[in-house]
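Each chain, letter by letter, is given below.
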Amino acid sequence: MQYRTLGRTGVQVSSLALGAMNFGSIGDTPQDEATAIVDAALEAGVNLIDTADMYGRGESEEMVGKAIAGRRDDIVLATKAGMPMSEERNHRGASRRWLVTELEHSLRRLGVDHVDLYQIHRWDPATSDEETLSALTDLQRAGKIRYFGCSTYPAYRIVQAEWAARAGGLGRFVTEQPSYSILQRGIEADVLPVTEQYGLGVLAWSPLASGWLTGAIRAGREAATRRSSMLPERFDLSVPANRARLDAVERLAAVADEAGLTMIQLALGFVTAHPAVTSALIGPRTLDHLHSQLAAADTVLPADVLDAIDEIVAPGTDLAPHEKFDTPPALLDPSLRRR
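What you see is a predicted model, and the numbers here were worked out from it, not measured in a lab. (Residues numbered from 1 in each chain as written. Predicted model: local features only at pLDDT ≥ 70, side-chain atom pairs only at ≥ 80, totals over all residues. Heavy atoms only, no water.)

### Here we look at the overall build of the protein chain
Moving on, step 1. Of regular secondary structure, the protein chain possesses 12 helices and 10 strands.
Moving on, step 2. Compactness check: the protein chain gives a C-alpha radius of gyration of 19 Å against a globular reference of 20 Å for 339 residues, within 12% of the reference.
Moving on, step 3. Dimensions along the principal axes, computed over C-alpha positions, put the protein chain at roughly 55 × 55 × 40 Å.
Moving on, step 4. Looking at the 339 residues of the protein chain, the share that counts as buried comes to 54%.
Moving on, step 5. Within the protein chain, counting contacts between residues at least 6 apart in sequence, those at least 24 apart form 78% of the total.
Moving on, step 6. Counting 34 positive and 45 negative side-chain charges, the protein chain places the centres of these two groups 6 Å from one another. (Helix = DSSP H or I, 4+ residues; strand = E, 2+ residues; numbered from the N terminus. Rg over C-alpha atoms; globule rule 2.2 N^0.38 Å. Buried < 20%, exposed > 50% of the residue type's maximum accessible area, 1.4 Å probe, protein only. Contact = heavy atoms within 4.5 Å. Lys, Arg positive; Asp, Glu negative; His and termini not counted. Charge placed at Lys NZ, Arg CZ, Asp CG, Glu CD.)

Next up, the structure:
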């Protein structure tokens, strides 16, 4: 396992981090399997575990808490808040009111007295940066969180938060968690240069592109992943973006074969090769999934393989930009672009 420094924190984390979104009902992973996955990941050298309050409405946090009981100090523990947790209008977002309340819920579910990294799951346009950063700074000073970060923020919002922190004498985000894979490279054009400029660590989610880069989805073979049944629109080959992804996957498979790698090794090796990326978040549902992904822990792609990938999916290109969840609100709500 390789280790990198998490931004400018001095904390050393593994280049593959364990994402716990699939624990529980979302991935149909029961507690005993989740605990076995955590055991095997820690044994392999993984030391960062990432979850969120909204994964199964708290179910994932509870399962992670049970799995790490008795070994909390050996783990860099991360969770997130901000996505809706109920129909109540104030049970979401990045206000002080909600973040303070929801952190207490997360700590209870995890069975810990602090988390190492508390992340804002999505930018909340209804809440000022000053409000959010002030609340996070106070939670940090109270010892309930060690650091805080953001997830899926557009580049300009990362910059805005940086300047708000400086102007207000507040703590600053130390990490960003964006979607990044061979098939979704748009962040190379703006987000990654900004995180490098401001010294943020980067925890990349969906490095296997929702299953497209596992090797299970190929031409002439029906998509057989759980994701394909949960989100069929992402695998419907009548959609041009999906056809483009399948064409790219076929060409990438040839590159992997030529290099003597599995598709998973190619995909994870690509993400962890970028100098701005700290860790790639893997989200196994089963032990078999975990072991196939851990096989990429020491994968280092040579320049000719990276060049071949660039020929298939150009740097800075998203093959499915609509799946990134970072579209500016004004592009989604007509009232925000009309007088």
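Having seen it, we continue.
### Comments concerning the environment of Val159
Moving on, step 1. Mapped onto the fold, Val159 is located in helix α5 (residues 155-168).
Moving on, step 2. Overall, the relative accessible area of 21% leaves Val159 in the partly exposed class.
Moving on, step 3. Taking C-alpha positions, Val159 is 18 Å from Phe325, a pair spaced 166 residues apart along the chain.

### Remarks on the packing of aromatic side chains
Moving on, step 1. Summed over all chains, the structure comprises five aromatic pairs.
Moving on, step 2. Ring geometry for Phe148 and Phe173: centres 6.1 Å apart, planes at 80°, overall edge-to-face. Taken together, the residues Phe148 in strand β7 (residues 145-151) and Phe173 in the loop between α5 and β8 (175-177) connect sequence positions 25 residues apart. By the burial criterion, Phe148 is buried, and Phe173 matches it.
Moving on, step 3. Centre to centre, the rings of Tyr153 and Phe173 are 5.6 Å apart; their planes meet at 80°, and the pair counts as edge-to-face. A residue pair is termed long-range when its members are at least 10 positions apart, and Tyr153 in the loop between β7 and α5 and Phe173 in the loop between α5 and β8 qualify at 20 residues. (Phe/Tyr/Trp six-rings, centres within 6.5 Å; stacked < 30°, edge-to-face > 60°.)

### Details of unusual backbone geometry
Across residues other than glycine, the phi torsion is negative in most instances, and most of the peptide bonds are trans.
Moving on, step 1. A positive phi angle, near 60°, is found at Thr152, a position not held by glycine.
Moving on, step 2. Among the secondary structure elements, Thr152 is positioned in the loop between β7 and α5.
Moving on, step 3. Not every positive phi belongs to a glycine, and Ser210 is a case in point at roughly 60°.
Moving on, step 4. Accessibility expressed as a relative area gives 12% for Ser210, which makes it buried.

### Some remarks on the pattern of salt bridges
Note that side chains of opposite charge can pair when their charged atoms are close.
Moving on, step 1. Across all of its chains, the model carries 16 salt bridges by this definition.
Moving on, step 2. A salt bridge links Glu162 to Arg166; the nearest nitrogen and oxygen atoms lie 3.1 Å apart. Taken together, the residues Glu162 and Arg166, both in helix α5 and four residues apart, mark about one turn of the helix.
Moving on, step 3. On the accessibility criterion, Glu162 (5% relative accessible area) is buried.
Moving on, step 4. If you follow the salt bridges from partner to partner, you end up with Glu61, Glu102 and Arg109 in one network. (Salt bridge = Lys/Arg side-chain N within 4 Å of Asp/Glu carboxyl O.)

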